[in-house]
Amino acid sequence: MKNWRLSLLGLVTAMLAFHFPAQAQARAGGCLVAEFRSLALLTHDVAERITKVNAWLKQKGPRCTQAQLAAIASNRATWLGTADTIEVAGNVDGLIEAKIANDPELMAAMYTSKGKEARASVEVTQPPPAPAPVVAAPAPLPGPAASGNNMVQPVIVQAPMTAPTDKPEVPDAFFGRRQKAQLLEYYEENRGPGECPRGMVKRGDKCESRIKERDWKLRQPLPSSEKPEDLPTPLLVKLGPPAPDHQYKRVGFDILLLKGPQNIVTDAVLDLGGIQAKEDKKEEPAKS
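Now for the pairing of strand E2 (residues 206-209). With 4 bridges joining them, strand E1 (residues 200-203) and E2 adopt antiparallel strand pairing. Considered in E2, the bridge of Met200 is made with Ser209.

Right, dumping it as structure tokens:
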């Protein structure tokens, strides 16, 4: 009787695995975005977080679908914080590229601005055509029929209207290495007392925001719930003017580069640039 029940249980398990292959694959170690998210948010040490995330991407990233990799790429900065390194970004982009390598349009959209062809940096502007001359009508012949009511007004010939040219799209701007170093230097000098600046907490050897979930996302408009603040004037002088149609703003402890009237987030420096936590200095007992 017991062997019969075990055989029936094995048959039901095999049928479930046949009808639900995605669930069976997930249990066997497939790609789960929720697992990546939990791994990033629950690992407080930055160096350990980087190691675990890279190991996860190498082991389970090839099993992820294109939609799953897109979700990881969109939330990478929010979930990883200061662990969002160039190496991690390269691993995620490499996995996405492997999925879309056979689609030229998606490849162009990934590495160029909307897949447009590159244009010459110098454009030659042709001078506008000269306006047509004003041609007066011939004077009437003298005679008794000519009177003031029959005067012919001059005819003005206008030049044809030219169609307005489309305004070229402004490319997305990013923080350079010098600007990132200037941000970190400024906030290190104005950090105040304590292990971390006020409002931040120590995680490993870094100071990070208490709230790890960000409402904003890269390459998307800044939500209306966020209230961006202007940067201090001395810091703006150090950074220099932003790219055309861009502006520097601070949201919480993150410095964002916003583009256009929609405030699209083109780049971000998280947690004031990655401030190091100060070590508490314990007072030594007085020597007798």
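There is more to say after this.
Once that is clear, we can look at the packing of aromatic side chains. With the rule as written, the count across this model stands at 4 aromatic pairs. Judged by centre distance (5.2 Å) and plane angle (65°), the ring pair of Phe36 and Trp56 falls under edge-to-face. Residue Phe36 is found in helix H3 (residues 33-42), and its partner Trp56 is found in helix H4 (residues 46-60); the two are separated by 20 residues along the sequence. Relative accessible area serves as the criterion here: at 0%, Phe36 is assigned to the buried category. A relative accessible area of 6% places Trp56 in the buried class. Centre to centre, the rings of Phe36 and Trp79 are 6.3 Å apart; their planes meet at 50°, and the pair counts as tilted. With Phe36 in helix H3 and Trp79 in helix H5 (residues 66-80), this pair connects stretches of sequence that are 43 residues apart. By the burial criterion, Phe36 is buried, and Trp79 matches it. By the ring-pair criterion, three or more aromatic residues cluster together here, those being Phe36, Trp56 and Trp79.

Parameters and conventions
- Residues numbered from 1 in each chain as written.
- Predicted model: local features only at pLDDT ≥ 70, side-chain atom pairs only at ≥ 80, totals over all residues.
- Heavy atoms only, no water.
- Pairing = 2+ DSSP bridges.
- Helix = DSSP H or I, 4+ residues; strand = E, 2+ residues; numbered from the N terminus.
- Phe/Tyr/Trp six-rings, centres within 6.5 Å; stacked < 30°, edge-to-face > 60°.
- Buried < 20%, exposed > 50% of the residue type's maximum accessible area, 1.4 Å probe, protein only.

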